[in-house]
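# Geometric and topological summary
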Amino acid sequence: MNSSHLRARLRQRLTRLARALTRTHRPCSPFEELVRIETDPVYRALFFAQLDAALDERHAAEQTTAVEEIKAAAERLRALIRSPGDHERAA
């Protein structure tokens, strides 16, 4: 492929991507959404990029929650180690 052909293909893909990004979202059935994902490569790429970002965000939130729970548990253990007499009286 020569460079002018590559530029034309790139321009075509960018135009399709711009249209996909600026298209107003109308509610559609899950089947219509699946058909669009399967038939429109630009929309498929956008869909999977958004899905990956959502999964990364969810994973980061879960990881942050787990870290906070571990820190809280460690602080409770430190408190028990610092004052064993208080723990025995409370029991």
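Residues numbered from 1 in each chain as written. Predicted model: local features only at pLDDT ≥ 70, side-chain atom pairs only at ≥ 80, totals over all residues. Heavy atoms only, no water.

### A few points about a nonpolar patch on the surface
For clarity, the cut-off: To count toward a patch, a residue needs a relative accessible area over 30% and no salt bridge; like charges are then connected within 9 Å, while nonpolar side chains (Val, Leu, Ile, Met, Phe, Trp, Tyr) are connected within 5 Å. With residues, only the protein chains shown are counted as cover, and all accessible areas are computed by Shrake-Rupley using a 1.4 Å probe. Note on definitions: salt bridges are taken to be side-chain nitrogens of Lys or Arg within 4 Å of carboxyl oxygens of Asp or Glu. The secondary structure listing takes helices from DSSP runs of H or I that are at least 4 residues long and strands from runs of E that are at least 2 residues long, numbered from the N terminus.
A cluster of nonpolar residues, Leu10, Leu14, Leu17 and Leu21, forms a patch on the protein surface that exposes about 370 Å² of accessible area. Of note, Leu21 is situated in helix α1 (residues 3-22).

### Some points on the packing of α1 against helix α3 (residues 41-82)
Note the following rule: Angular values range over 0 to 180 degrees, each being the angle between N-to-C directions of two axes fitted as lines to C-alpha atoms, with helices fitted over their stretch in contact. When describing relative orientation, an angle under 35 degrees is termed roughly parallel and one over 145 degrees roughly antiparallel, while 65 to 115 degrees is termed roughly perpendicular and anything else oblique. A crossing counts as left-handed when the near helix is turned anticlockwise from the far one by less than a right angle, and as right-handed when that turn is clockwise. Working rule for contacts: check all heavy atoms of both residues, and any pair within 4.5 Å makes them a contact.
Packing of α1 against α3 brings their axes to within 9 Å, and their N-to-C directions diverge by 60 degrees. With respect to their mutual orientation, α1 and α3 come out oblique. The handedness of the crossing between α1 and α3 comes out as right-handed. Where α1 abuts α3, its residues Arg13, Arg16, Leu17, Ala20 and Leu21 lie against Pro41, Val42 and Leu46.

### Regarding the packing of aromatic side chains
Note the following rule: Only the six-membered ring of Trp is used, alongside the rings of Phe and Tyr, when aromatic pairs are assigned; centres must lie within 6.5 Å, and planes under 30 degrees apart are stacked while those over 60 apart are edge-to-face, with the rest tilted. Here, over-ring charges are defined by two tests on the NZ atom of lysine or the CZ atom of arginine: distance to the ring centre within 6 Å, and angle to the ring normal within 35 degrees.
Going through the model one piece at a time under the given rule, you end up with 1 aromatic pair. Consider the rings of Phe47 and Phe48, whose centres lie 5.5 Å apart with planes at 75 degrees: the pair is edge-to-face. If you follow Arg36 out to its NZ or CZ, it ends over the ring of Tyr43, 3.6 Å from the centre.

### Some details on the pattern of salt bridges
Once the charged atoms of two side chains with opposite charge are near each other, the side chains can pair. What the rule picks out here adds up to 4 salt bridges. Of the charged contacts in the structure, one is a salt bridge between Arg16 and Asp40, with a shortest N-O distance of 3.3 Å. Here the residue Arg16 occupies a position in helix α1, and Asp40 occupies one in the loop between α2 (30-39) and α3, the gap between them amounting to 24 residues. Here Arg58 and Glu62 are joined by a salt bridge, their closest N and O atoms 3.4 Å apart. Of this pair, Arg58 and Glu62 both sit in helix α3, 4 residues apart, roughly one helical turn.

### Comments concerning the packing of α2 against α3
Quick reminder of the rule: All amino acids are sorted into three groups, where Ala, Val, Leu, Ile, Met, Phe, Trp, Tyr, Cys and Pro are nonpolar, Asp, Glu, Lys and Arg are charged, and the leftover types, Gly among them, are polar.
Interhelical geometry of α2 versus α3 gives an angle of 110 degrees and a closest axis separation of 5 Å. Here α2 lies roughly perpendicular to α3, going by the angle between them. Across the interface between the two elements, Glu33, Arg36, Ile37, Glu38 and Thr39 of α2 pack against Pro41, Tyr43, Arg44, Phe47 and Phe48 of α3. The residue inventory of the contact of α2 with α3, partitioned by class, reads 5 nonpolar, 1 polar and 4 charged.

The quantities given are spatial measurements derived from coordinates; they are silent on function.
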